[in-house]
Amino acid sequence: MKKFVNDPKNYVPEMLEGLALANPDTLRYVPDYNLIMRTDAPREDKVSIIQGSGSGHEPAHVMTVGTGMLDAACPGDVFAAPPTDYVYETIKLLASPKGVLLLVNNYTGDRMAFDMAQELAEAEDITVRTLFIDDDVSVQDSTYTVGRRGVAGNFFVMKAVGAAAERGADLDEICRIGEKVNSVTRTMGMALTACTPPAKGSPLFDLPADEIEMGVGIHGEPGRRRVKLMPADAIVDELLDAVVSDLPFESGDRVALMVNGLGGTPISELYIVYRRAHNQLTDRGITVGRNYVGEYCTSLDMAGVSITLVRLDDEIESLLGDPAEIAIRVF
């Protein structure tokens, strides 16, 4: 597999350095902790919002640091949780009088690193809260998870709590908003191909050319089932049925619809997926109030897609509509 890689050990640091060099007025890179942070953070007048997980899911999360979203992100290596000390030092650097909120996708390694870091920070009298994100409907539990996984739906939590923080909300209010958005967000994804981690140099798992994985995880975790390749509309229908039936979403609902590419899917194909999803929701009496098509939470170069729905109300829609200035213009 051909990639733009020097030493695989430097894959993440070189990516983060490039990100900071491309955004010198807004982003600061702290190499000791794989940390990307806002140049104006921390601020005394707002809660600091921090997220981090394994690298390889870009633009999540390092490219969503900026006004109206994250104040900092401290990723680990590719598909690996950040070390506890990275998270702990990030919390200390971002400590605000109004407190710190940690957003954590629901994976064992991430939970462990952030829980331990929170305990260390609280021992130094830093006010810290944690919100776990678990929007993936593919699996309820398995040997690969500690419950439902946090996947592309985490963008809506980031956007809502980031907007609330910019408005000056206190930590309790921001946590309430984050929990509310998480509770009405559902996602399911699928893979056409496996991805290739730089250090491995070969596909992460074996997926025959005529098969697809329905419900695959963003680290290549097995999904619900493997099936023969189907037409695009049939794939979308299965993903959408799983998402809609889970909350469930119902006729009369107003939703945000996200079609997320997993890293190797052409944008033209994402709009083919969006077309079917939008039309199917309309047929169900569900109104698409906001739409997002592009790459938000990827799996390196995996060809595939995920579909996310968020049930909107006036509060959530207002927060999603607030301006954000980040390294990529996705909101």
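Residues numbered from 1 in each chain as written. Predicted model: local features only at pLDDT ≥ 70, side-chain atom pairs only at ≥ 80, totals over all residues. Heavy atoms only, no water.

Scanning the chain for helices and strands turns up eight helices and 14 strands. Radius of gyration (C-alpha) of the chain: 19 Å, near the 20 Å computed for a compact globule of 331 residues. Viewed in the frame of its principal axes, the chain has a C-alpha envelope of about 55 × 50 × 35 Å. Buried residues in the chain amount to 56% of all 331 residues. In the chain, 73% of the contacts between residues at least 6 apart in sequence involve partners at least 24 apart. Accessible surface, the chain: about 13,200 Å² in total, of which carbon and sulfur atoms supply 50%. (Helix = DSSP H or I, 4+ residues; strand = E, 2+ residues; numbered from the N terminus. Rg over C-alpha atoms; globule rule 2.2 N^0.38 Å. Buried < 20%, exposed > 50% of the residue type's maximum accessible area, 1.4 Å probe, protein only. Contact = heavy atoms within 4.5 Å. Areas by Shrake-Rupley, 256 points an atom, 1.4 Å probe, with all protein chains shown as cover.)

In space, the six strands of this open sheet follow the order E1-E2-E5-E3-E6-E7, with mixed pairing throughout. In this open sheet, the two edge strands, each paired with only one partner strand, are strand E1 (27–30) and strand E7 (128–133). Of the strand pairs in this sheet, strand E6 (residues 100–105) and E7 are connected by six bridges, and their pairing is parallel. The partner of Leu102 across the bridge, within E7, is Thr130. Contacts between helix H1 (residues 11–22) and the sheet are confined to E1 and strand E2 (35–38), with E1 contributing the most and set at about 150° to the helix. Strand contacts of helix H5 (residues 171–183): strand E3 (48–51), E6 and E7, with the helix running at about 5° to E7, the strand carrying the most contacts. (Pairing = 2+ DSSP bridges. Axes fitted to C-alpha atoms, helices over the stretch in contact; angles between N-to-C directions.)

The strands making up a sheet associate through backbone hydrogen bonding, with each pair oriented either parallel or antiparallel. Strand order in the open sheet formed by six strands is E10-E9-E8-E13-E11-E12, and the pairing between neighbours is mixed. The strands lining the two open edges of the sheet, one partner per strand, are strand E10 (225–228) and strand E12 (287–294). Pairwise comparison of adjacent strand axes, ignoring direction, gives a mean angle of 20° for this sheet. As defined by bridge partners, strand E9 (residues 211–214) adjoins E10 across four bridges and the pair is classed as antiparallel. When the sheet's bridge partners are listed, Glu213 is paired in E10 with Arg226. Across the face of the sheet, helix H6 (residues 232–246) comes into contact with strand E8 (185–191), E9, E10 and strand E13 (304–311) while running at roughly 155° to E8.

When the terminal C-alpha atoms of helix H4 (residues 154–166) are compared, their 18 Å separation across 13 residues agrees well with the 18 Å that a helix rising 1.5 Å per residue should span. Most of H4 is tucked away: twelve of the 13 residues are buried. The set of residues buried in H4 consists of Asn154, Phe155, Phe156, Val157, Met158, Lys159, Ala160, Val161, Gly162, Ala163, Ala164 and Ala165. Directly after H4, the chain includes Gly168, whose backbone phi takes a positive value near 95°. (Expected span 1.5 Å × (residues − 1).)

This structure, assessed with the given rule, holds 27 salt bridges. A salt bridge links Asp301 to Lys3; its shortest N-O distance comes to 3.3 Å. Placement of the pair is Asp301 in the loop between E12 and E13 and Lys3 in the segment before H1, with a sequence separation of 298 residues. The class for Lys3 is partly exposed, based on a relative accessible area of 32%. (Salt bridge = Lys/Arg side-chain N within 4 Å of Asp/Glu carboxyl O.)

Attention now goes to the state of the cysteines. In protein structure, a disulfide is the covalent linkage between the sulfur atoms of two cysteines. Counted according to the given criterion, the structure contains zero disulfides. Free of any disulfide, Cys195 has its nearest cysteine sulfur in Cys297, 12 Å distant. (Disulfide = S-S within 2.5 Å.)

This part is about the side chain of Thr265. Within the fold, Thr265 resides in the loop between strand E11 (254–261) and helix H7 (267–283). Among residues more than four places away in sequence, those in contact with Thr265 are Leu270, Glu295, Met302, Ala303 and Gly304.

By the secondary structure assignment, Val227 is in strand E10. For Val227, a relative accessible area of 11% gives the class buried. Sequence spacing of Val227 and Arg167 is 60 residues, and the spatial spacing of their C-alpha atoms is 47 Å. Among all residues touching Val227, those that are not within four sequence positions of it are Asp210, Glu211, Ile212 and Met214.

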